[in-house]
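What follows is each chain in one-letter form.
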Amino acid sequence: MTAENPRILLVEDEELNRTLVRAVLSRADVAAVRAAEVLDAPTLAAARSRLDAEDVDLVLLDMNLPDGNGLSLAGELAAGTATAGRPRPAVVAVTASVLPQDRAAALEAGCDGFLDKPYAAADLVAVVAEHLPKS
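How each quantity is defined
- Residues numbered from 1 in each chain as written.
- Predicted model: local features only at pLDDT ≥ 70, side-chain atom pairs only at ≥ 80, totals over all residues.
- Heavy atoms only, no water.
- Helix = DSSP H or I, 4+ residues; strand = E, 2+ residues; numbered from the N terminus.
- Polar contact = N/O pair within 3.5 Å; in protein donor to acceptor, adjacent residues only side chain to side chain.
- Salt bridge = Lys/Arg side-chain N within 4 Å of Asp/Glu carboxyl O.
- Buried < 20%, exposed > 50% of the residue type's maximum accessible area, 1.4 Å probe, protein only.

**Student:** I'd like to hear about unusual backbone geometry, residue by residue, with values.
**Tutor:** In the segment running from Lys117 into Pro118, the intervening peptide bond is cis, with an omega of -10°. Its location among the elements puts Pro118 in the loop between strand S7 (113-116) and helix H6 (121-131).

Okay, here's the thing in structure tokens:
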């Protein structure tokens with residue numbers, strides 16, 4: 001993983017949301033965010049497969065997915081069991097569940113950040129920039 005070519009794994013089941021995230025990041029006013037390669041995973045199973053095979057710098061992790069709760073993957077990443085020996089990526093929970101206990105559960109599960117849905121484009125760019133590797 002390099003700061004010059006950061007990779008983001010977008011774990012999101014809604015195709016429209018994935019398209020919007022890609023559009024926002026590709027137009028970001030932060031060069032590292034704009035240059036990031038965005039990989040898709042519409043399910044936890046797809047995310048686990050990607051993480052097993054590829055280096056990723058940041059995981060944007062939806063909490064409610066068709067095959068389970070994103071917190072399970074966050075816990076696996078925190079424990080080091082989801083990356084096949086590669087460095088652990090930063091993990092940002094992205095969810096419409098905005099109760100304080102939901103935020104606390106995400107952070108306790110190993111997430112490094114939390115982004116409430118719906119969010120402004122500037123908030124998405126800021127959280128991504130905050131959690132990408134620094135050059």
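**Student:** Tell me about the environment of Asp57, residues and numbers included.
**Tutor:** Tracing the sequence through the fold places Asp57 in the loop between helix H3 (44-53) and strand S3 (58-62). Residues Asp57 and Asp102 lie 45 residues apart in sequence; the distance between their C-alpha atoms is 24 Å. Of note is the side chain of Asp57, whose polar atom sits 2.7 Å from the backbone nitrogen of Arg7.

**Student:** Which residues make up the pattern of salt bridges, and what values do they have?
**Tutor:** Close approach of charged atoms lets side chains of opposite charge pair. For the structure shown, the criterion picks out 11 salt bridges. Notably, a salt bridge pairs Glu54 with Arg7, separated by 2.9 Å at the nearest N-O pair. Of this pair, Glu54 sits in the loop between H3 and S3 while Arg7 sits in strand S1 (residues 7-11), placing them 47 residues apart in sequence. The partly exposed category is assigned to Glu54, whose relative accessible area is 21%. A relative accessible area of 19% places Arg7 in the buried class. Through salt bridges with shared partners, a single network forms among Arg7, Glu37, Arg50 and Glu54.

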